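Residues per chain are reported as follows:
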Amino acid sequence: MRDLSAPETLLDTSSDMALRLSGVRLILGGRAVLDGVDLALPGRGVTAVMGPNGAGKSQLLKLIHGLTVPTAGTATWNGRPAATMTATQALVFQKPVLLRRSVAANLDFVLKSRRKDRALAQALLTHVGLADKARQPARALSGGEAQRLAMARALALEPQVLLLDEPTASLDPASVLAIEHITLQARDQGVKVILVTHDIGQARRMADDVVFLNRGRITEHSPAERFFTAPRSTEAKDFLNGRLIV
Ligand SMILES: Nc1ncnc2c1ncn2[C@@H]1O[C@H](COP(=O)(O)OP(=O)(O)OP(=O)(O)O)[C@@H](O)[C@H]1O
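Values in this document were obtained by computation on a predicted structure and should not be read as measured data.

The next thing to look at is the overall build of the protein. Of the regular secondary structure elements, the protein holds eight helices and eleven strands. By the compact-globule yardstick of 18 Å for 246 residues, the protein fits well, its C-alpha radius of gyration being 18 Å. A principal-axis box enclosing the C-alpha atoms of the protein has dimensions of 60 × 35 × 35 Å. When each of the 246 residues of the protein is scored for burial, the buried share is 49%. In the protein, 68% of the contacts between residues at least 6 apart in sequence involve partners at least 24 apart. Of the side chains in the protein, 31 bear a positive and 23 a negative charge, and the two mean positions are spaced by 7 Å.

A separate point is the site of the ligand. Close contacts around the ligand come from 14 residues, with R31, N53, G54, K57 and H198 the closest. One of the side-chain nitrogen or oxygen atoms of S58 is found 2.9 Å away from an oxygen atom of the ligand. At 3.0 Å from an oxygen atom of the ligand is found a main-chain nitrogen or oxygen belonging to Q59. Burial of the ligand by the surrounding chains reaches 62%, relative to a free accessible area of 640 Å². If you list the elements that add at least two residues to the shell around the ligand, you get β3 (31-42) and α1 (57-64). Class assignment of the residues belonging to the shell around the ligand gives a composition of four nonpolar, seven polar and three charged.

Before going further, it helps to examine the confidence of the model for the protein. Confidence in the prediction of the protein, expressed as mean pLDDT, is 91, and 92% of residues score 70 or more. When the criterion is pLDDT under 50, residues 1-15 qualifies, and its contacts beyond four places in sequence or with other chains add up to 21 contacts. As scored by the predictor, the complex reaches a pTM of 0.91 and an ipTM of 0.97.

What counts, and at which threshold
Residues numbered from 1 in each chain as written. Predicted model: local features only at pLDDT ≥ 70, side-chain atom pairs only at ≥ 80, totals over all residues. Heavy atoms only, no water. Helix = DSSP H or I, 4+ residues; strand = E, 2+ residues; numbered from the N terminus. Rg over C-alpha atoms; globule rule 2.2 N^0.38 Å. Buried < 20%, exposed > 50% of the residue type's maximum accessible area, 1.4 Å probe, protein only. Contact = heavy atoms within 4.5 Å. Lys, Arg positive; Asp, Glu negative; His and termini not counted. Charge placed at Lys NZ, Arg CZ, Asp CG, Glu CD. Near = heavy atom within 4 Å. Polar contact = N/O pair within 3.5 Å; in protein donor to acceptor, adjacent residues only side chain to side chain. Areas by Shrake-Rupley, 256 points an atom, 1.4 Å probe, with all protein chains shown as cover. Nonpolar A, V, L, I, M, F, W, Y, C, P; charged D, E, K, R; others polar. pLDDT = per-residue confidence, 0-100.

Shown next, in the form of structure tokens:
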């Protein structure tokens, strides 16, 4: 008989798994903010992480990125501890922190510090539609432009994994689509994308699979189509119906 306490998993977890979390528990401030987390993600495509405020989505992303180490359990990328894989990944936040320099200098800083080809800056700015703003102060960019610069900075790292924490939460619809387009281009080039979002439309447009988190536990991990048409966990159903989960 199926273990009803286990999260719903409808994905083939037998092959080509890049990320594995096993029995992950994370205690912060004396409280378990992640608990009993078992997760296997493929090394390609877009995984959306959804769930109510305070569910533990950002903490999960940090753990996947190797910025925090689980209190118990293991987090590995292709068998290697997540904490050793940070340099192969890029993390973009809702509000980018930009240097008090020009747009081009923000990119140059990253390329220089990672010993990448600095000639890449111009191509990256063109890629994100900011070539004509290269000499402007980065702090004077609009919210959407600043996030496109943050995406260019992330791509400058040539990451294998792009971690996005609500990257479009405060952007207008056109800027949202621009960020989504840049992200999907990266995906098409083989970059694994893990996207934390509250935007159900965005997750529908972009995700291949959805991880649903509630109170630090994964209640469901399903292919996106299945998640949006026939969610199996009560929490996910409530979330998709706009009901408050308490
Ligand atoms: N440094 C910390 N010390 C103690 N508790 C923390 C710390 N950081 C986060 N938490 C708690 O962990 C829980 C999960 O936080 P997290 O930021 O991961 O939630 P989230 O799902 O990303 O929420 P939101 O959708 O509001 O961004 C919250 O209850 C938060 O208060």
